[in-house]
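Listed here are the chains, written in short residue letters.
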Amino acid sequence: QVQLVESGGGLAQAGGSLRLSCAASGSILSMHVMGWYRQAPGKQRDLVAHITSGGSTNYADSVKGRFTISRDNAKNTLYLQMNSLKHEDTAVYFCNAVGQMRTRLGWTKDYTAWGQGTQVTVSS
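Residues numbered from 1 in each chain as written. Predicted model: local features only at pLDDT ≥ 70, side-chain atom pairs only at ≥ 80, totals over all residues. Heavy atoms only, no water.

**Description of the pattern of salt bridges**
- By the definition in use, this model includes two salt bridges.
- For Arg-66, the salt bridge is made with Asp-89, and the minimal N-O distance between the two is 2.8 Å. Taken together, the positions of Arg-66 in the loop between β6 (57-59) and β7 (67-72) and Asp-89 in the loop between β8 (77-82) and β9 (91-102) put the pair 23 residues apart, joining distant regions of the chain. Asp-89 matches Arg-66 in its accessibility class, with the two residues each being buried.
- A network of salt bridges, in which partner residues are shared, links Arg-38, Arg-66 and Asp-89. (Salt bridge = Lys/Arg side-chain N within 4 Å of Asp/Glu carboxyl O. Helix = DSSP H or I, 4+ residues; strand = E, 2+ residues; numbered from the N terminus. Buried < 20%, exposed > 50% of the residue type's maximum accessible area, 1.4 Å probe, protein only.)

As structure tokens, this is what we get:
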């Protein structure tokens with residue numbers, strides 16, 4: 001299996017910054033796409049940003065220009081640098097990865113993995 005663990009969430013003031021990390025582990029052959037999603041109370045889970053294995057990025061309009069997604073393929077780690085935080089950014093942030101993994105028997109299969117989430121709270 002592929003496991004994702006988020007870290008770096010916490011409290012920040014409006015206008016402040018936080019950096020989220022997502023460490024992936026397991027029998028990973030590839031992480032074709034990695035992304036950050038967020039879910040606020042009473043809201044659906046929405047995409048914040050995506051990054052492909054080649055480094056192409058996409059951002060939700062609400063965070064474009066403020067957030068930066070990046071990845072360190074050597075460390076199997078995903079990052080989200082969040083600057084100019086707004087109260088509206090308050091949510092649980094989830095890490096996601098889609099790729100291929102090696103099974104116990106040595107076979108290759110596709111996977112979709114999710115982390116447990118990390119809380120980001122921005123004061124107004």
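**Observations concerning the pairing of strand β10 (residues 108-114)**
- Sheet topology note: the β9/β10 ladder contains seven bridges and is antiparallel. Bridge pairing in β10 places Asn-96 opposite Trp-114.
- Turn length for the β9-β10 hairpin, with the two strands adjacent in sequence and antiparallel, is five residues, and the turn residue Gly-106 shows positive phi of about 90 degrees. (Pairing = 2+ DSSP bridges.)

**Quick look at the packing of aromatic side chains**
- Counted under the stated rule, the structure contains one aromatic pair.
- Between Arg-19 and the ring centre of Tyr-79, over which it is positioned, the NZ or CZ distance is 4.2 Å.
- Sitting over the ring of Trp-114, Arg-45 keeps its end group 4.9 Å from the ring centre. (Phe/Tyr/Trp six-rings, centres within 6.5 Å; stacked < 30°, edge-to-face > 60°. Lys NZ or Arg CZ within 6 Å of the ring centre and 35° of its normal.)

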